[in-house]
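Analysis of the macromolecular model
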Amino acid sequence: MHTDIPIDEGYLHMDLLRFTTAGSVDDGKSTLIGRLLYDSKNTFEDQMDAVEATSKKRGDEHVNLALLTDGLRAEREQGITIDVAYRYFATPKRKFIIADTPGHIQYTRNMVTGASTANLAIILVDARLGVIEQTCRHAFIADLLRIRHVILAVNKMDLVDYSEKRFNEIVDEFKRFASRLDNIVDMVAIPISALHGDNVVDKSTNMDWYEGPTMLYHLETVYIGSDHNHVDARFPVQWVIRPHSDEYHDFRGYAGRVAGGVFRPGDEVVVQPSGFATKIKAIESFDGPQESAFAPLSCTITLEDEIDISRGDMITKPNNPPKKDQEIEAMICWFSESTQLTTNAKYYLRHTTKEVKAIVKDVRYKVNINTLHKIEDDKTFRLNEIGRISLRTSAPLLYDSYRRNRATGSFILIDSQTNETVAAGMIL
Amino acid sequence: MDEERTSYQVNHLAQLESEAIFILRETAAQFERPALLFSGGKDSIVMAHLARKAFFPARLPFPLLHVDTGHNFQETLDYRDQYVADLRAELVVAYVQDSIDQGRVQEEKGPFASRNALQTVTLLDAIEANKYDACLGGGRRDEEKARAKERFFSHRDDFGQWDPKNQRPELWNLFNGRKHHGEHFRVFPLSNWTEMDVWQYIKAEKIPLPSLYFSHQRDVVHRSGAMLAISDVVTAQPGERVETNAVVRFRTIGDMTCTGAVYSEAADMDTIIYEVATARQTERGTRADDKRSETAMEDRKKEGYF
């Protein structure tokens, strides 16, 4: 890469932003990502050579930057994106991970997947078409997955004569819809032309009326704060470390990734579900004892008392326990093409580091994700459908609402016959 | 409050490290017989280092598995043995030569023969013989376009094959390692790392590397756009340009028949990081095995390649 990245210690300490992109089939999403990579100087010569050669072979008018994001053979042949692809780029200010998800209607599940780890979503709109059904669907999913920052990218401004009026119409229309979504706290609309590069990395000379940031500038500077919960102490035990060596004869460490709150040596803790209380002896690591551990860090905790603790248990603090219940209410997105979800169906449910069995007690409703209307007369979930269900689990889950904590409020359902992941769930 | 929040900011390397350690522990927890694929290349070295951190102060709960083509650089093997001793880890070596001797694979003939493709059979045989149900690999999504679609937990059918159109969705921190008898998983804890992240991490963690990664002099032959080290298994053919004492280093390390060198005077970490930041070719641009066709990697992965 021929970027002007400073090589100093500071560069070892950069911020990481994960974002997802959503657009309909011809909104120019791949071109936008290609443009971001190319104009921010994150492409390589051999990649560009391959792209130029393919563009020429296909008879494209321009060097088709969309080809930079093409992956599998089927995609190149059919000119489509079939799955979530992850892209990486960096500027001197930040590192970025893009979850590149296709916008086609049958791929809702891919967008849900990409959104589950994203801090920000770029929702693309074709300036000629404005806000369409799929735009609403993308905004709804971003909200459902609790993405707080959204960029509305109004693309193909070159095809509407870079019209300010048209841009404002689209933004107003989007805001009318988005006002019904409450997890999105920060929305920025940017008029762009991914094809020509207007307002993607470089400021457009065609839209003097637009005074906001370019897309890259916004991505580099948007304050993400912390998407992690640093209030409710939650440490799902992932693995018990017992060295059985002379040096560490009695060592018993609980390894895991902090899912919420802050842990320090000396802290009083309660181990769930047993309810035993003890204190943290140390937070161990290969680099020596640590003063604290907080989300999303992985660490190893030792305790003052010997308590029987295994994978799936959770170390928490007194006075702020997680919810503990076998009756769960959740929103789900159905992922399976071959099976449908119905009342009384049984699945494996994987939540934090725990796996239990779960039975569907009731389908409360499904959501028409284009109108946000509830559907109450159809109790069967098919591929890409979203709605609310109630579940009963074989053992209590230790959880928080998804809205409060993504790590302790999310689960997946696994088909016990095929082992496929068939649903993503967000606990209410 | 704001001030306190700021102190909980985690830089990109710490985030990537935490994620990789989570995946390594998840692999140990969800599978009965995992193994860590170790080639002596920088990605697998970083993997072994992360595994050491993940299970400290215990030893690794799984062996390192090296698929030895018999065409390795001696420096790689020396490094491997030293590193394994330092880790006090168990090393299992599967030899491509054995697969050839057993008639499991046909060795390519001619001066351009490579054992790279044969590794797949040796690897799959080793997985079956040792009943490994998960192989941890150092693959990264930024390496190659087919890998951009790869999962952390990558399901393989009972033929060891990857089906890119039928992958399990991965959300949040939840990884589904359930499988039927005979199936196995490839697990890629470094999925979200870039080449730059790997180098920065090696620097930050002061991880020793094989000398091949640093600038040195060696005799090379120019072949199909790549620059290969001349050795017992790579000899110059008539008409090929040979360069003696070229000042080179390797950006990736694999089999000698397909790992290309680059001109470089970078002799320390800082210079290498600068070189990576300013490189105009992708890392695998030096790999002859990817040049066989535009979808070379995709085809090999479907067959069960690393």
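Residues numbered from 1 in each chain as written. Chains lettered and ligands numbered in written order. Predicted model: local features only at pLDDT ≥ 70, side-chain atom pairs only at ≥ 80, totals over all residues. Heavy atoms only, no water.

**Let's talk about the overall build of chain A**
Let me state the cut-off plainly: Runs of H or I in DSSP of at least four residues are treated as helices and runs of E of at least two as strands, each being numbered from the N terminus. In this description the radius of gyration comes from C-alpha coordinates, and the expected globular size is given by 2.2 Å times residues to the power 0.38. Exposure classes here rest on a 1.4 Å probe applied to the protein chains alone. A residue is buried below 20% of its type maximum, exposed above 50%, and partly exposed in between. We call two residues in contact when some of their heavy atoms are within 4.5 Å. Note that accessible areas follow from Shrake-Rupley with a 1.4 Å probe, and for residues the cover is restricted to the protein chains shown. A residue counts as positive if it is Lys or Arg and as negative if it is Asp or Glu; His and the chain ends are not included. Where a charge lies is defined by one atom per residue type: Lys uses NZ, Arg uses CZ, Asp uses CG and Glu uses CD.
Scanning chain A from N- to C-terminus turns up eight helices and 22 strands. The C-alpha radius of gyration of chain A comes to 24 Å, within 12% of the 22 Å expected for a compact globule of 428 residues. If you line up chain A on its principal axes, its C-alpha atoms span 70 × 60 × 40 Å. Relative to its full complement of 428 residues, chain A shows a buried share of 61%. Pairs at least 24 residues apart make up 71% of the contacts formed inside chain A by residues separated by at least 6 positions. Accessible surface computed for chain A: about 17,300 Å², of which carbon and sulfur atoms make up 46%. Separation between the mean location of the 51 positive side-chain charges and that of the 62 negative ones in chain A comes to 6 Å.

**Regarding the pattern of salt bridges**
We apply this condition: Salt bridges, as used here, are contacts in which a Lys or Arg side-chain nitrogen is within 4 Å of a carboxyl oxygen on Asp or Glu.
By the definition in use, this model includes 42 salt bridges over all chains. Where E275 of chain B meets R249 of chain B, a salt bridge forms, and the shortest distance between an N and an O atom there is 2.9 Å. With E275 of chain B in helix α8 (residues 269-278) and R249 of chain B in strand β9 (residues 241-250), this pair connects stretches of sequence that are 26 residues apart. Residues joined in a network through salt bridges with shared partners are R311, R350 and E355 of chain A together with E26 and R178 of chain B.

**As for the sheet that holds strand β4 (residues 134-136) of chain B**
Residues and elements named next belong to chain B. Applicable threshold: Between any two strands, pairing holds if DSSP finds at least two bridges. Between N-to-C directions, angles span 0 to 180 degrees; the directions come from axes that are lines fitted to C-alpha atoms, helices contributing only their stretch in contact.
The strand order across the open sheet built from six strands is β3-β2-β1-β4-β6-β5, with neighbouring strands paired in mixed fashion. Two strands in the sheet have a free side with no partner beyond their single neighbour: β3 (91-95) and β5 (153-156). Sheet twist, expressed as the average angle between the axes of neighbouring strands with direction ignored, equals 30°. Of the strand pairs in this sheet, strand β1 (residues 34-37) and strand β2 (residues 64-68) are connected by two bridges, and their pairing is parallel. What sits directly across from L37, in β2, is L65. Lying over the sheet, helix α2 (residues 12-30) contacts β1, β4, β5 and β6 (184-187), oriented at roughly 40° with respect to β5.

**As for the environment of W172 of chain B**
For clarity, the cut-off: Pairs of N or O atoms within 3.5 Å make up the polar contacts considered here, provided that, within protein, one atom can donate a hydrogen while the other can accept it, and that residues adjacent in sequence are counted only when both atoms are side-chain atoms.
Secondary-structure assignment places W172 of chain B in the loop between β5 and β6. Along the sequence, W172 of chain B and V220 of chain B sit 48 residues apart, while their C-alpha atoms lie 47 Å from each other. Setting aside residues no more than four positions away along its own chain, W172 of chain B makes contact with S116, T117, L145, Y402, S410, F411, A424, G425 and M426 of chain A. Side-chain polar atoms of W172 of chain B contact the side chain of Y402 of chain A, separated by 3.0 Å.

**So, the packing of helix α7 (residues 195-205) of chain B against α8 of chain B**
Residues and elements named next belong to chain B. What counts is decided by this rule: By the definition adopted for this analysis, an angle is roughly parallel if under 35 degrees, roughly antiparallel if over 145, roughly perpendicular if from 65 to 115, and oblique otherwise. Under the grouping applied here, Gly and all other residues not named as nonpolar or charged are polar, the nonpolar ones being Ala, Val, Leu, Ile, Met, Phe, Trp, Tyr, Cys and Pro and the charged ones Asp, Glu, Lys and Arg.
Two numbers describe how α7 lies on α8: the axes approach to 10 Å, and their chain directions differ by 170°. On the basis of their axis angle, the class for α7 and α8 is roughly antiparallel. Contact residues: E195, M196, W199, Q200, I202 and K203 in α7; M269, D270, I272, I273, V276 and A277 in α8. Considered class by class, the residues forming the contact of α7 with α8 number eight nonpolar, one polar and three charged.

**Overview of the nonpolar core**
We count it as follows: Think of a nonpolar core as a cluster: buried Ala, Val, Leu, Ile, Met, Phe, Trp, Tyr and Cys residues, connected wherever their side-chain atoms sit within 4.5 Å.
Membership of the largest hydrophobic core comes to 76 residues, with the highest contact counts inside it found for F19, L145, L152, M215 and L219 of chain A. Ignoring anything within four residues of it in the chain, the contact list for L219 of chain A reads L17, F19, L36, R94, F96, L120 and I151 of chain A. One finds L16, F22, F55 and V84 of chain B within the second-largest nonpolar core, a separate group that totals 62 residues.

**Focus: the domain arrangement of chain B**
The accessible area lost on association of the parts is a frequent measure of interface size. Residues and elements named next belong to chain B. This is how the line gets drawn: The start and end points of each domain follow an automatic or database-based domain assignment. A quick way to say it: buried area is the sum, across both parts, of accessible area lost when two parts are put together, with a 1.4 Å probe.
Along its sequence, chain B is carved into domain 1 (2-198 + 296-303) and domain 2 (210-288). Here the C-alpha centre of domain 2 lies 24 Å away from the C-alpha centre of domain 1. Across the contact, 24 residues belong to domain 1 and 24 residues belong to domain 2. Both sides together, the interface formed by domain 1 and domain 2 hides about 2,100 Å², and carbon and sulfur atoms give 59% of it. Together, H71, F73 and E195 form the three largest contributors to the area buried by domain 1 at its contact with domain 2, with a combined 32%.

**Let's talk about the domain arrangement of chain A**
All names here are of chain A. Domain assignment breaks chain A into domain 1 (9-221), domain 2 (234-316) and domain 3 (323-427). Between domain 1 and domain 3, the C-alpha centre-to-centre distance is 30 Å. With 26 residues of domain 1 at the interface, the matching set in domain 3 holds 18 residues. For the pairing of domain 1 and domain 3, the buried interface totals around 1,800 Å² over both sides, and the portion due to carbon and sulfur atoms is 57%.

**Digging into the sheet that holds strand β14 (residues 298-303) of chain A**
Residue and element names in this part refer to chain A. Overall, antiparallel pairing links the seven strands, which are arranged β7-β15-β11-β12-β14-β9-β8 in an open sheet. Where the open sheet ends on each side, the last strands, each with one partner, are β7 (234-236) and β8 (239-241). Direction aside, the axes of adjacent strands within the sheet are offset by 40° on average. Looking at chain direction, β8 and strand β9 (residues 253-257) are connected through three bridges and run antiparallel. In the strand pairing of β9, I241 is matched with G253.

**Examining α8 of chain B**
Residues and elements named next belong to chain B. Where we set the bar: What the arc covers is the set of directions going from the helix axis to the C-beta atoms.
Within α8, the full set of buried residues consists of M269, I272, I273, V276 and A277. Along the axis of α8, the buried residues cluster in a sector spanning 140°; they form a single face. Where α8 is buried, its residues touch α7 and β9. Where α8 begins, the capping side chain belongs to D268, and its oxygen is found 3.1 Å from the backbone nitrogen of D270.

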